[in-house]
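# Inside the fold
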Amino acid sequence: MSKPIWVLNGPNLNLLGVREPHIYGHDSLDDVRALCAARAKRHGMEIEFRQTNHEGELIDWVQAARLEACALVINPAGYGHTSVALLDALKSLDIPVVECHLSNPAAREGFRRASYVSPAATGVVCGFGSTSYELAIEAACALAARTAKSATARPPKDA
Ligand code: CA2
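Below is a summary of the structure that appears in this document. (Residues numbered from 1 in each chain as written. Predicted model: local features only at pLDDT ≥ 70, side-chain atom pairs only at ≥ 80, totals over all residues. Heavy atoms only, no water.)

A few words on the overall build of the protein. The secondary structure content of the protein amounts to five helices and five strands. Ordered by position in the sequence, the α and β elements of the protein form the string β-α-α-β-α-β-α-β-β-α. Once the C-alpha set of the protein is aligned to its principal axes, its extents read approximately 55 × 35 × 25 Å. Looking at the protein as a whole, 43% of its 159 residues qualify as buried. Considering only contacts in the protein between residues 6 or more positions apart, those separated by 24 or more positions represent 77%. (Helix = DSSP H or I, 4+ residues; strand = E, 2+ residues; numbered from the N terminus. Buried < 20%, exposed > 50% of the residue type's maximum accessible area, 1.4 Å probe, protein only. Contact = heavy atoms within 4.5 Å.)

What follows is the structure, given as structure tokens:
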């Protein structure tokens, strides 16, 4: 079995489904976890799904993903707009990184248009509610499969 896809969620996403459903939808974070797991399973993949309200913990998890994940899906929530430290951690990864948002930050307040995560992301999915996560898992599976294939195709170092 290959390494899991890690799905990391930033601050306040534990409130999903409880407040502001007109922006973030009615699904809870547990519902989103189930959608991600089901979508990954279709590709024979597993997920590790986590949420934290703490910047340092999010950064610790990004660092751990370097060795333990085959790809990373991250909804950095508010830290995406503020955290240079998160960007620095993401830049240390050499696995595919998919930035994921429920809403479309570009269609909201001006301060949400800046993302410290996008420069380190392979790609971004946003604006589709919990479907954004399913699409992000699809992308992560495709990218991880491609990475694995090119690793096997590579000749051994001493050939
Ligand atoms: O659309 C997204 O997924 C966001 O990452 C959500 C963040 C926001 O700061 C980003 O601009 C876009 C906010 C997460 C807070 O989630 C809540 C969920 C329910 C109720 C209140 C907050």
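Attention shifts here to the site of the ligand. The immediate surroundings of the ligand are formed by 16 residues, with Asn75, His81, His101, Leu102 and Ser103 found nearest. Within the side chain of asparagine 75, one N or O atom sits 2.8 Å away from an oxygen atom of the ligand. Within the complex, the protein chains bury 94% of what would otherwise be the 510 Å² of accessible surface of the ligand. Residue classes in the shell around the ligand are distributed as seven nonpolar, six polar and three charged. (Near = heavy atom within 4 Å. Polar contact = N/O pair within 3.5 Å; in protein donor to acceptor, adjacent residues only side chain to side chain. Areas by Shrake-Rupley, 256 points an atom, 1.4 Å probe, with all protein chains shown as cover. Nonpolar A, V, L, I, M, F, W, Y, C, P; charged D, E, K, R; others polar.)

We now examine the sheet that holds strand E4 (residues 97-101). Overall, parallel pairing links the five strands, which are arranged E2-E1-E3-E4-E5 in an open sheet. Strand pairing shows two members of the sheet lacking a second neighbour, strand E2 (47-51) and strand E5 (123-126), which therefore form its edges. For this sheet, the mean angle separating the axes of adjacent strands, direction not counted, is 20°. Taken together, the three bridges between strand E3 (residues 71-75) and E4 define a ladder with parallel strand orientation. The residue bridging valine 73 from the neighbouring strand is valine 98, located in E4. Those strands touched by helix H5 (residues 130-153) are strand E1 (5-9), E2, E3, E4 and E5, and its axis lies near 175° from that of E4. (Pairing = 2+ DSSP bridges. Axes fitted to C-alpha atoms, helices over the stretch in contact; angles between N-to-C directions.)

With that settled, the discussion passes to the packing of helix H3 (residues 55-68) against helix H4 (residues 84-91). The N-to-C vectors of H3 and H4 enclose an angle of 10°; their axes lie 9 Å apart at closest approach. Classified by the angle between their axes, H3 and H4 sit roughly parallel to one another. Here H3 contributes Glu55, Leu58, Ile59 and Val62 to the contact with H4, which in turn contributes Ala85, Leu86, Ala89 and Leu90. Of the residues assigned to the contact of H3 with H4, the class counts are seven nonpolar, no polar and one charged. (Parallel < 35°, antiparallel > 145°, perpendicular 65-115°, else oblique.)

A word on the packing of aromatic side chains. Any pair of aromatic rings gets described here by the distance separating the centres and the angle formed by the planes. Within the structure shown, the criterion is met by zero aromatic pairs. A cation over an aromatic ring shows up here: arginine 50 above the ring of tryptophan 6, its NZ or CZ 4.4 Å from the ring centre. In this structure, arginine 50 is placed above the aromatic ring of tryptophan 61, and the distance from its NZ or CZ to the ring centre is 5.2 Å. (Phe/Tyr/Trp six-rings, centres within 6.5 Å; stacked < 30°, edge-to-face > 60°. Lys NZ or Arg CZ within 6 Å of the ring centre and 35° of its normal.)

A separate point is the packing of helix H2 (residues 29-42) against H5. The geometry of H2 relative to H5 is characterised by a closest axis approach of 9 Å and an angle of 30° between their N-to-C directions. Looking at the two axes, H2 sits roughly parallel to H5. Crossing hand, H2 versus H5: right-handed. For the pair formed by H2 and H5, the contact residues are Val32, Leu35, Cys36, Arg39, Ala40 and Arg42 on the first element and Ser130, Tyr133, Glu134, Ile137, Glu138 and Cys141 on the second. Classifying every residue of the contact of H2 with H5 gives seven nonpolar, one polar and four charged. (Left-handed = near helix turned anticlockwise from the far one by under 90°.)

Function-wise, these values are silent; they only describe arrangement.
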